[in-house]
Amino acid sequence: MSQFFRKEVVRLKPYVFWKISTDTCIKLNANESNYGLPSKIQESISEILRSTDLSKYSILDPNKTSQLFENYIWYGIENVIIDNGSSAIIKWIMSAVLEPGERVLTFGPTFTLYKNIAEGIWTDYSELPFQDKKYLPSIQEISEWKPKLIIVCNPNNPTGHIIEKKDIKELVSKNPHSLILVDEAYIDFWWESSIDLIEQFDNLIVSRTFSKAYSMAGARLWYAVSNKNIISNLKKLQLPYHLNTFAITSLYTLLENMNVYKEQIEEILEVREYTRRQLEWMWFEVGGSHANFLLIQYKSNNISAEDIANQLEKQNILVRHFKGSPDIDNYMRVTIGTREQMDDFLNTLKSIIT
Ligand SMILES: Cc1ncc(COP(=O)(O)O)c(C=O)c1O
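The rules behind these values
Residues numbered from 1 in each chain as written. Predicted model: local features only at pLDDT ≥ 70, side-chain atom pairs only at ≥ 80, totals over all residues. Helix = DSSP H or I, 4+ residues; strand = E, 2+ residues; numbered from the N terminus. Rg over C-alpha atoms; globule rule 2.2 N^0.38 Å. Buried ≥ 20, exposed ≤ 12 C-beta atoms within 10 Å, placed from the backbone. Contact = placed C-beta atoms within 7 Å. Pairing = 2+ DSSP bridges. Axes fitted to C-alpha atoms, helices over the stretch in contact; angles between N-to-C directions. Domains from an automatic or database assignment. Nonpolar A, V, L, I, M, F, W, Y, C, P; charged D, E, K, R; others polar. Near = placed C-beta within 6 Å.

### Overview of the overall build of the chain
Across its full length, the chain carries 12 helices and 12 strands. For a compact globule of 354 residues, the expected C-alpha radius of gyration is about 20 Å, and the chain comes in at 21 Å, within 12% of that figure. Dimensions of the chain along its principal axes, counting C-alpha atoms only, are 55 × 55 × 50 Å. Within the chain, buried positions represent 38% of all 354 residues. Sequence separation of at least 24 residues holds for 72% of the intrachain contacts in the chain that already meet a minimum separation of 6.

### Considering the sheet that holds strand β6 (residues 179–183)
As summarised here, the arrangement of the 7 strands in space is β2-β8-β7-β6-β5-β3-β4, forming an open sheet in which the pairing is mixed. If you trace the sheet from one side to the other, it starts and ends with β2 (80–84) and β4 (124–129), each paired once. Neighbour to neighbour, the strand axes of the sheet diverge by 20 degrees on average, direction disregarded. Sheet topology places strand β3 (residues 103–108) next to β4; 6 bridges connect them, and they run parallel. In the sheet register, Gly-108 faces β4, and the bridge partner there is Pro-129. Against the sheet, helix α7 (residues 165–174) touches β5 (149–153), β6 and β7 (204–209), its axis set at about 155 degrees to β6. Sheet contacts for helix α8 (residues 228–235): β2, β7 and β8 (221–226); angle to β2, the most-contacted strand, approximately 35 degrees.

### A word on the environment of Gln-311
Along the chain, Gln-311 falls in helix α11 (residues 305–314). In this structure, the C-alpha to C-alpha distance between Gln-311 and Asn-175, residues 136 residues apart in sequence, is 46 Å.

### A closer look at the domain arrangement of the chain
What the domain assignment lists for the chain is domain 1 (16–37 + 261–353) and domain 2 (39–256). Centre-to-centre, using C-alpha coordinates, domain 1 lies 25 Å away from domain 2. Those elements that place two or more of their residues in the side of domain 1 that touches domain 2 are α10 (262–281) and β10 (293–298). Its residues assigned to classes, the side of domain 1 that touches domain 2 shows 11 nonpolar, 9 polar and 3 charged.

### Some details on the site of the ligand
Lining the immediate environment of the ligand, one finds 13 residues, of which Gly-85, Ser-86, Ala-185, Thr-209 and Ser-211 sit closest. Taken together, the residues that form the shell around the ligand break down as 5 nonpolar, 7 polar and 1 charged.

### Thoughts on the pairing of strand β12 (residues 332–335)
Here is the key point about a regular strand: its side chains alternate between the two faces of the sheet. Burial of β12 is two-sided: the residues Met-332 and Val-334 facing one way and the residues Arg-333 and Thr-335 facing the other way are all buried. Pairing analysis gives 4 bridges linking β10 to β12, with the strands arranged antiparallel. When the sheet's bridge partners are listed, Ile-296 is paired in β12 with Met-332. Pairing of strand β11 (residues 317–321) with β12, which is carried by 2 bridges, proceeds in the antiparallel orientation. Across the sheet, Arg-320 pairs through a bridge with Arg-333, a residue of β12.

### Notes on unusual backbone geometry
Looking along the chain, the bond that leaves Asn-154 and enters Pro-155 is cis, with omega of -5 degrees. Relative to the elements of secondary structure, Pro-155 occurs in the loop between β5 and α7. Following Asn-157, the chain continues to Pro-158 via a peptide bond in cis, the omega torsion being 15 degrees. Take Pro-158: it is sitting in the loop between β5 and α7. Not every positive phi belongs to a glycine, and Asn-31 is a case in point at roughly 60 degrees. Its location among the elements puts Asn-31 in the loop between β1 (26–28) and α2 (39–50). Here Lys-146, not a glycine, exhibits a phi torsion of approximately 45 degrees, which is positive.

### Notes on the sheet that holds β12
Pairing is mixed across the open sheet formed by 5 strands, whose spatial order is β1-β11-β12-β10-β9. In this open sheet, the two strands that pair with only one neighbour each are β1 and β9 (284–286). The sheet shows a mean angle of 35 degrees between the axes of neighbouring strands, taken without regard to direction. Packing of α11 onto the sheet brings it into contact with β10, β11 and β12, and relative to β11 it is tilted by some 160 degrees. Contacts from helix α12 (residues 339–353) reach β1, β10 and β11, with the element oriented near 85 degrees to β1.

In structure tokens form, the structure reads like this:
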């Protein structure tokens with residue numbers, strides 16, 4: 001029945017879901033939080049949902065939403081759009097701004113979903129390599145590609161490195177004919193956001209998610225921040241009743257209690273550095289990460305990343321390998337779990353490589 005579909009859709013390969021969790025697994029393969037929802041938030045959401053009437057559609061209350069976002073990021077609802085997961089905005093922005101054949105440019109290795117989505121919507125996708133694995137290519141090189149949309153993942157998944165704000169600023173200011181999307185899915189593990197640059201430039205969107213640092217991957221909550229013109233145009237594409245009751249309840253509860261995450265985030269950073277030291281002793285090359293994961297490579301040729309990941313999986317520990325991806329073919333990405341989970345991971349890893 002593929003005759004009904006556009007040829008780009010027929011050619012597409014489905015997105016690979018990296019092993020859905022089971023209760024017995026240590027899940028270190030999708031950069032979700034392993035720390036759980038803080039009990040205050042869990043209890044509050046359950047309490048509200050107990051008395052919620054699911055027979056009616058839910059919508060965001062504009063005043064309340066605006067106030068909560070202003071308290072959190074200084075921008076209210078006219079500068080903010082909220083929806084189901086940041087994967088949705090990437091698709092949305094691409095469909096909203098790209099004519100058939102226009103180019104989206106990214107810097108790799110990076111989040112693979114950008115390519116998957118671009119290829120599904122009849123656009124030209126190009127990925128330039130980061131210089132020395134951490135810097136953007138020169139502005140001249142970028143401009144020569146004449147991209148309509150440029151996506152920068154910052155901190156970058158899967159390498160964990162960051163692009164300095166001054167470089168983002170230069171990219172945005174010197175490419176006024178391109179829309180720049182800065183994906184800040186992991187910004188809570190780093191401090192230098194580009195959000196305030198939306199005041200200076202009219203071609204910048206910054207997107208963020210509550211799936212990572214805020215233990216809310218299951219609620220599918222994402223938001224993007226930009227100037228009022230871009231946001232109002234994006235909102236035209238928003239479906240009615242796009243957020244469900246659970247997501248709206250979770251969003252308000254989260255925004256009212258942002259302070260309870262501080263300790264959790266600090267702990268993740270501490271456990272990340274502990275894991276890094278242990279891995280380096282075990283003869284792994286560990287990239288400098290500014291996120292809740294580490295990209296690692298075993299320095300011995302005895303065993304590949306794919307084999308290590310498969311053996312870990314047999315022992316119920318899931319990590320992500322990148323077999324078949326240029327530049328990082330023999331690397332694994334390991335999400336930071338609790339100290340106990342990381343000790344289990346490290347001990348199992350030790351038994352595999354020795
Ligand atoms: C860079 C990046 N952007 C976006 C996402 C998707 O986040 P969400 O759960 O909001 O769809 C991910 C998830 O891994 C990611 O790594």
